[in-house]
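Chain residues, written in single-letter form:
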Amino acid sequence: MKNNNSSLIFILTILLSVLPFASFGQGPGSLFVDAGPDVVIDCNAGCTDLTATFLETFDTSGSTYAVSSIPYAPPFPYNGLANSLNPDSDDRWSPVDNLPFDFCFFGNTETQFQVGSNGVVRFDVNAGDTSNGWSFDVDLPSNTPDALGEANVFLPVHDMDPTKSSTEEIGYEVLGAYPNRVLVVSYYEVPMFSTSCNNLLATQMAVFYEFSNVIEMYILNKPTCPGWNSGNAAMGIQNDAGTIGYVPPGRNTSNSPWTTANEAWQFSPSGVQTYVFEWLDSTGAVISTNPTITVCPSSPQTYTARVTYTNSCNGDVVVLTDDVEVTLQANFTVDLGPDVETCDNAPIFLDAETGIPTATYQWLFNGFPIAGAVSPNYTVNWPDSGTYTVEVTDGGCTVADSVEIDFLPQPVIFSSPQDLFICDDGTTPGIFDLTENDDDVRGPQDPLFNITYHNSQADAMTGANPIVPANAYLLIGPSEIIWVRIEDQSGTCFAFDSFEISYSSAAATAPPSPHRVCDISSDGREAINLNAVFDAVILGAQNPAEFTVTYHLNPADAISGSNALPQPYMLTGNVFIFARVENNVTSGCYATTQFNLILTPQPVANQPVNLYQCDDGTTAGVFNLTDNDANILGAQDPALFTIKYYQTFLDSYNDTNEILGGVHIFVPPSPQTIYARIEDNSGTCFDLTDFKIYFSRAIAGLVPATASFCDDDGDGGEFVDLFAEFNSYVLDRQPSSRYNITYHSSQADADNDVNPLPNPYFVTAPGETVYIRLENRNDARCFDSRRSIDLIIDYPPTVNSTPENLIECDVNNDGFAAFDLTQQSGVITLGDPTLSVTYHGTLLDAENGVLPLPNPYVNDQ
């Protein structure tokens, strides 16, 4: 068996307030002391009883224990403990494990333990013994068989089989803090042994308490398997020798089989007392060792219940204390009311009247008595801030009450804040520095007073939603009321006022400069309405109804708005004009700009002439419009003016789409109107005119170089229908309605359109040349006379009119033969080689020279 281990003896004093067990992992066996609730007694009654409760502890060396039934209230969970000891096999001891605290058991100091799978714990450990016995039929205490003799704590012992479940838990955990640590060993839903009983689950727990050395056992469910080991079970504790043991009534082996649920037992050492209890007064003096005492304080007192615990097995000492306060309560009260913070300088009246004639009064300021202040009332005057206390005494009772009086500085609006205004001249944003009003509002007051700005009066009154940052506030809209609040450092005392911020605009856009005014009358002066000409440009998108535009001859007048020019203004030379745009709603909001006026000479467009071109096949239809420059310019100085040409009046007016270089390529129809613009060199002053360009066409087609005609009647010539013979050549597919065609006997007549030949025209042998004129009917100036034809008169040939017939032999007797007609050609032409002969089947074909016969010719083909 084990020997007692010697250990270092020391004293540790712990001052602990009594907390719920869960705070330290405590249970019923943990050390504690409770002095009871605070007590209030009548100050004239004098006395009260105080009762302390605490855990009584006893020595274990005498090997005596008290066994008592305790309420079933497990202080710790059955499952989820930190150290799982599930052996996953039947009848096994867990490995040896160390206790983190000394546990005194039957006079021995235990520091190691093992847990058996059949519901037992042993301190007499054996690392080599891994088999936990299960069979037994004797009562505790007993050193045999192994199921009993090898264990110390039985909670209870009965044959269980953890291998038959995957959810059972056998585990342990050390909980709490010194000196109230506990070892908790638990079996959670472990199946009973034997196949018929595996559905029966046991849940049980043992709790080992440090220092008090108390053991508690809790049983949630203890089933019985009557068909196995006779249902034997035992609950209790025994020493290592198995000679001394303690078993609750009805819970030994001989009581088997037994079954229970929701049951708890405590095994407490019952040797020599190991604690000392004492009551101490507020000076620390011991006034009693009895848990219940009677005290009679004359003033509020604190009493301390102190328990000194000594662990008999290792000598550790723990001191626990708890206080109880006993206060005296009079049968009367005094109430000075709540603390006062005031922004007013008016006196504060304090009333402590109790209605008791025998009561006496003493007033104090910041803890010091006020001389002569012994009446029920006291008046506090500004600026005496501080703590005021009254002590009221009647008999042996004194009641006091205090009130804090704080006279706070009251800020004021020293000077009304100024309205702020920003004029946007096109570059200034509407961002206001509200703090410009800080100096006006604060004046000579405390520089630590806080000034804030708000969007509403409600916010200014409460100090809520200050504008941040106050020096860069963007105004949305034309104007807004801003509220300013000045407050003391506490924010209690304040004043507020309002002012307006407004934002207006007056932008001035500079018109194009210089602006030229045409001297239309050419007298060196010209009237111009500046408002009519420039207001729209200068105002831009601004509403003309909201602004006034004036014009001035110098910037100072424009800034001050004085000496506005009359309208219309008579311009007599070059001058700078300064324009002022002023907001009609917000006086003083304006913007300025400037531009240059130049009086420019007015050009005059003299009448140009029309331009003509005729296309006879050699002309490209390109007009040089500048041919009219001199006509349009007239006597005006060409160095001062520029002439331009356009295809439309609108282009000439707007100076767009100019015909560059004055070169115009004609595109039908004809005529076309050309618009001319004469302008000064700046392009500002101009005059317009127009003229026409005509472009006609007369191109004669190619005609035969020669044409021969036969003098059939031998009268020395032949009538030729010139129109029928040659007009189609001359027109060359052109419409005949556009042209006149005449024929002439000489080139000069054709060029000059004189002596046209009659038609038909008698051509005298041997022939002559005819000249042709093609003339445009719409423009007689346009003609083509480049074509001519040589007309030749010929005579009929002399021929043999009676050639002999051709005869061929029908060698095949088929009625057909091939004839060589050319055999007759020489006979017919009388040998003239200049003649050609064709052969035809009919006289009409021969006369018309059509359908010649093939050669050789087969009869009847």
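Anything mentioned here points back to the structure above.
The structure reproduced in this document is the subject of the present report. Predicted model only: the values in this text are computed from it and were never measured.

Structural notes on the overall build of the protein
Tallying secondary structure elements over the protein gives 12 helices and 57 strands in all. For the protein, the C-alpha radius of gyration of 70 Å lies well beyond 29 Å, the compact-globule estimate for 861 residues. Burial status across the protein gives 43% buried among its 861 residues. On the protein, roughly 42200 Å² of surface is accessible, and the fraction owed to carbon and sulfur atoms is 52%. If the 24 positive side-chain charges of the protein are averaged to one point and the 106 negative ones to another, these points end up 10 Å apart.

Some words on unusual backbone geometry
Glycine aside, a negative phi is what most residues show, and trans is what most peptide bonds show. A cis amide bond, omega 0°, links L140 with the succeeding residue P141. Examined against the element boundaries, P141 turns out to sit in the loop between β10 (120-122) and α2 (146-149). Omega for the bond connecting A765 with P766 falls within 30 degrees of zero, at 5°, which places this linkage in the cis form. Located in the positive-phi region is S194, a residue other than glycine, with phi close to 95°. Mapped onto the secondary structure, S194 falls in the loop between β13 (182-191) and β14 (201-209). Notably, S522 is not glycine yet its phi reads approximately 55°, a positive angle. Within the element layout of this structure, S522 appears in the loop between β37 (515-519) and β38 (526-528).

Considerations on the state of the cysteines
Tallied over the full model, the rule gives 8 disulfides. With a sulfur-sulfur separation of 1.4 Å, C104 is cross-linked through a disulfide to C313. One quick way to see it: the torsion about the S-S bond of C104 and C313 is about -85°, and its sign makes the bridge left-handed. Pair noted here: C104 is in strand β8 (residues 97-105) and C313 is in the loop between β22 (301-310) and β23 (317-329), with a separation of 209 residues, a long-range link.

Digging into the pairing of strand β26 (residues 360-365)
Look at any regular strand and the pattern is simple: side chains alternate between the two faces of the sheet. Bridging between β26 and strand β29 (residues 386-394) involves 6 bridges; their strand directions are antiparallel. The residue bridging W363 from the neighbouring strand is V390, located in β29. Pairing between β26 and strand β27 (residues 368-369): 2 bridges, direction antiparallel. Bridge pairing in β27 links F365 to F368. Linking two consecutive strands that pair antiparallel, namely β26 and β27, is a turn of 2 residues; a positive phi of about 55° is found at N366 within it.

Remarks on helix α9 (residues 722-731)
Residue pairs spaced three or four apart in an α-helix point in one direction, given the helix's 3.6 residues per turn. For α9, the full list of buried residues reads L722, F726, N727, V730 and L731. Angularly, the buried residues of α9 cover 135° about the axis, an arc narrow enough to put them on a single face. Opposite the packed face of α9, turned more than 90 degrees from it, sit the exposed residues A724 and S728. Where α9 begins, one side-chain oxygen reaches toward the backbone nitrogen of F723, 3.3 Å away; that side chain belongs to D721. With its phi angle positive at about 50°, D732 sits one or two positions after the end of α9.

Some remarks on the side chain of S212
Locating S212 in the fold gives a position in the loop between β14 and β15 (215-221). S212 gets classed as buried once you look at its relative accessible area, which sits at 2%. Contact partners of S212, with chain neighbours within four places excluded, come to G29, L31, L55, T57 and P269.

Digging into the nonpolar core
The biggest cluster of nonpolar side chains holds 36 residues, and the ones touching the most others in it are F105, V153, F208, I215 and I237. In contact with F105, other than residues within four places in its own chain, are T60, Y65, E110, F123, N152, V153, I215, I237 and Q238. V517, F534, L571 and V581 belong to the second-largest nonpolar core, a separate cluster that totals 24 residues.

Some points on the packing of aromatic side chains
Two aromatic rings, taken as a pair, are described by how far apart their centres are and by the angle between their planes. In the structure shown here, the tally under the stated rule is 35 aromatic pairs. Relative to Y388, the ring of Y378 lies with its centre 6.0 Å away and its plane at 35°, an arrangement referred to as tilted. Residue Y378 is found in strand β28 (residues 377-380), and its partner Y388 is found in strand β29; the two are separated by 10 residues along the sequence. For the pair F623 and F695, a centre-to-centre distance of 6.2 Å together with 75° between the ring planes defines the contact as edge-to-face. One end of the pair, F623, is in strand β44 (residues 622-624); the other, F695, is in strand β48 (residues 686-697), with 72 residues separating them in the sequence. We note that F623, like F695, is buried. Cluster of aromatic residues (ring-pair linked, three or more members): Y65, F103, F105, F106, F123, F208 and Y246. Sitting over the ring of Y590, R580 keeps its end group 4.2 Å from the ring centre. In this structure, R677 is placed above the aromatic ring of F686, and the distance from its NZ or CZ to the ring centre is 3.7 Å.

Remarks on the sheet that holds strand β36 (residues 494-505)
Taking strand neighbours across the sheet as the criterion, the 4 strands line up as β31-β36-β35-β33 in an open arrangement whose pairing is mixed. Edge positions in the open sheet fall to β31 (420-424) and β33 (450-454), since each of these has one partner strand only. Put simply, the sheet's adjacent strands are angled 20° from each other on average, direction ignored. Note that strand β35 (residues 479-487) and β36 share 9 bridges and pair antiparallel.

Section: the pattern of salt bridges
Within this structure, the stated rule accounts for 15 salt bridges. Residues E582 and R580 are paired through a salt bridge, measuring 3.1 Å at the closest nitrogen-oxygen approach. You can call R580 buried: its relative accessible area is 6%. Between E679 and R677 there is a salt bridge whose closest N-O contact spans 2.6 Å. There is no split in this pair, since E679 and R677 are both buried. What emerges from the salt-bridge pattern is a single network uniting K644, D655, R677 and E679.

Structural notes on helix α5 (residues 530-539)
Listed in full, the buried residues belonging to α5 are L530, F534, D535, I538 and L539. With its buried residues spanning 125° around the axis, α5 presents them on a single face. Seen from the buried face of α5, the exposed residues on the opposite side, beyond 90 degrees, are A532 and A536. Looking at the buried residues of α5, the elements they touch are β37, β38, β39 (547-552), β40 (569-571), β41 (575-583) and β42 (590-601). Looking at where α5 begins, the residue whose side-chain oxygen comes 3.2 Å from the main-chain nitrogen of N531 is N529. Where α5 terminates, the next one or two residues include G540, which has phi positive at roughly 65°.

Focus on the sheet that holds strand β30 (residues 397-407)
The pairing of strands in a sheet happens through backbone hydrogen bonds and is either parallel or antiparallel. Overall, mixed pairing links the 5 strands, which are arranged β24-β30-β29-β26-β27 in an open sheet. Of all strands in the sheet, those bounded by a partner on one side alone are β24 (340-342) and β27. Here β24 runs beside β30; their pairing, made up of 3 bridges, is parallel. Among the inter-strand pairings, V340 is bridged to a residue of β30, identified as I405.

A closer look at a nonpolar patch on the surface
Residues I431, L474 and I476 make up a contiguous nonpolar surface patch of about 320 Å² in total accessible area. Its relative accessible area of 42% is what places I431 among the partly exposed residues.

Looking at the pairing of strand β9 (residues 108-116)
The buried fraction of β9 is high, at 7 of 9 residues. Sheet analysis places β8 next to β9, joined by 5 bridges and oriented antiparallel. Bridge pairing in β9 links N98 to Q112. Both β9 and β10 contribute to a ladder of 3 bridges, which runs antiparallel. Counted as the bridge partner of Q114 is R122 from β10. Taking the residues between adjacent antiparallel strands as the criterion, β9 and β10 are bridged by 3 residues, where G119 takes a positive phi near 90°.

The rules behind these values
Residues numbered from 1 in each chain as written. Predicted model: local features only at pLDDT ≥ 70, side-chain atom pairs only at ≥ 80, totals over all residues. Heavy atoms only, no water. Helix = DSSP H or I, 4+ residues; strand = E, 2+ residues; numbered from the N terminus. Rg over C-alpha atoms; globule rule 2.2 N^0.38 Å. Buried < 20%, exposed > 50% of the residue type's maximum accessible area, 1.4 Å probe, protein only. Areas by Shrake-Rupley, 256 points an atom, 1.4 Å probe, with all protein chains shown as cover. Lys, Arg positive; Asp, Glu negative; His and termini not counted. Charge placed at Lys NZ, Arg CZ, Asp CG, Glu CD. Disulfide = S-S within 2.5 Å. Pairing = 2+ DSSP bridges. Arc of directions from axis to C-beta. Polar contact = N/O pair within 3.5 Å; in protein donor to acceptor, adjacent residues only side chain to side chain. Contact = heavy atoms within 4.5 Å. Core = buried A, V, L, I, M, F, W, Y, C linked by side-chain atoms within 4.5 Å. Phe/Tyr/Trp six-rings, centres within 6.5 Å; stacked < 30°, edge-to-face > 60°. Lys NZ or Arg CZ within 6 Å of the ring centre and 35° of its normal. Axes fitted to C-alpha atoms, helices over the stretch in contact; angles between N-to-C directions. Salt bridge = Lys/Arg side-chain N within 4 Å of Asp/Glu carboxyl O. Patch = residues over 30% accessible without salt bridge, like charges linked within 9 Å, V, L, I, M, F, W, Y side chains within 5 Å.

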